Amino acid sequence: MTLLLSHYYCRHMADRYSTNSSALIVARSPGRVNLIGDHTDYMGGMVLPMAIDRYTTLTAHQFDTSLHLLSDNQPEPLDARLPIVDPSSTTPAWGRYVTGVAHQMQVARGFWGSVSTTLPLGGGLSSSAALELSTALMLHSVNDLPIPTALELAQLCRRAEHVATGVPCGIMDQLTCAAGVEGHALLIDCYSMLVSPIQIPHDVHVYVQFVAHRQLASSAYAERVAQCNRAEVEIGPLRLAEVGSVRNISDELLRRRALHVVGENERVRRATMALALQDMTTFGQLMNESHFSLRDNFEVSTSQMDAAVETARAIPGVFGARMTGGGFGGCIVIVADATANLQHLQGVMHVKPVGGAEIL
Ligand code: ADP
Ligand code: MG
């Protein structure tokens, strides 16, 4: 009943709105896949992701004092009045990513429109960051605000996700989707926020295989962040630590968590060098090692993801494969040469590195 009413309301408002002459604006953000460096961003570490040619597209008109948004992927529309006071209580829940951004920006004018995406939702390819960035660009546009830098946009959207969902995510997703560079991966130092584009050789192909929707991700994610913070109390910033000092951590569990973060930062540095030198054998080995560490030290993989990674690695022409993103389901990433035949893998997508979020 609520659903029917809200659809009726939207249609009614759409009719009313169709008389408004303000311009139609299209804001679009890519998703991202992380090649290597997971669970390092929130500790100020190193990551090597790329923005991908799968997009979230928000099409809207300016609409005074409220936000009205239909999503192709959700049954219930978002209908919220500005200013947003508490985005964490927005219903339907998907609208929190949108009201979270409006709350951060404290804008007077909203929009009326719809959103669609070619990204899987909850698949580890940052559909949430893509929705936040499209929203942020749209709100800047309808409020006649100058578009800020990619880093400013990403920081705004990261804060929005924290407030709206309570998940203490790092900057990687938002910054990659905002700052993507065509044909390049991005080496991001999540402490200095320096972004260095690294060219991906033309004959290197990146694939993503969707394995399963994520389960229990937000609580387990927050628990991992807390464990890393406890490890830092013992040995100082993990981004500066060496593997030797990790051995001084007395608690066995915290030691393994810290070992992952410290080792992963080092693997990202070495993988970046390998990519720049087009040494894809070394790059693939580092991807494989990253997966083992996420599985054994950080315990964020699943048996399905482990099996998918094993299968992919056995295919001739594959350099390496690993789970990607926060874990507990989602996608794996596979890097291969042009001869690798991955067509038979269920849910596999060939993805290309693209530029960041923009108003079209
Ligand atoms: P990921 O970012 O890896 O896709 P998250 O759990 O962080 O996974 O975010 C997924 C959530 O973001 C969805 O469950 C939904 O609430 C919201 N979302 C993302 N894209 C859209 C969209 N196009 N329409 C509606 N909700 C969306
Ligand atoms: Mg997300």
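Residues numbered from 1 in each chain as written. Chains lettered and ligands numbered in written order. Predicted model: local features only at pLDDT ≥ 70, side-chain atom pairs only at ≥ 80, totals over all residues. Heavy atoms only, no water.

1. Quick look at the side chain of Arg322
Okay, step 1: Its place among the elements puts Arg322 in strand β9 (residues 318-324).
Okay, step 2: Exposure remark for Arg322: the relative accessible area of 0% places this residue in the buried category.
Okay, step 3: A distance of 3.1 Å separates a polar side-chain atom of Arg322 from the backbone oxygen of Leu35. (Helix = DSSP H or I, 4+ residues; strand = E, 2+ residues; numbered from the N terminus. Buried < 20%, exposed > 50% of the residue type's maximum accessible area, 1.4 Å probe, protein only. Polar contact = N/O pair within 3.5 Å; in protein donor to acceptor, adjacent residues only side chain to side chain.)

2. Notes on helix α10 (residues 303-313)
Okay, step 1: Every buried residue of α10 is listed here: Met305, Asp306, Ala308, Val309, Ala312 and Arg313. With its buried residues spanning 165 degrees around the axis, α10 presents them on a single face.
Okay, step 2: Against β8 (205-212), α9 (280-296), β9 and β10 (330-336) lie the buried residues of α10. (Arc of directions from axis to C-beta. Contact = heavy atoms within 4.5 Å.)

3. Observations regarding the domain arrangement of the protein
Okay, step 1: Per the domain assignment, the segments making up the protein are domain 1 (2-188) and domain 2 (200-351).
Okay, step 2: For domain 1 versus domain 2, the distance between C-alpha centres works out to 27 Å.
Okay, step 3: If you look at the interface, domain 1 gives 35 residues, while domain 2 gives 45 residues.
Okay, step 4: Of the roughly 3000 Å² buried between domain 1 and domain 2 on both sides combined, carbon and sulfur atoms contribute 69%. (Domains from an automatic or database assignment. Buried area = accessible area lost by both parts, 1.4 Å probe.)

4. Description of the sheet that holds β10
Okay, step 1: In space, the four strands of this open sheet follow the order β9-β10-β8-β11, with antiparallel pairing throughout. Only two strands of the sheet have a single neighbouring strand rather than two, namely β9 and β11 (348-351). On average, adjacent strands in this sheet sit at an angle of 25 degrees to one another, irrespective of strand direction.
Okay, step 2: In the sheet, β9 pairs with β10 via six bridges, with the strands oriented antiparallel. Among the inter-strand pairings, Gly320 is bridged to a residue of β10, identified as Val335.
Okay, step 3: Where α10 meets the sheet, it contacts β8, β9 and β10, and its direction lies at approximately 170 degrees from that of β9. (Pairing = 2+ DSSP bridges. Axes fitted to C-alpha atoms, helices over the stretch in contact; angles between N-to-C directions.)

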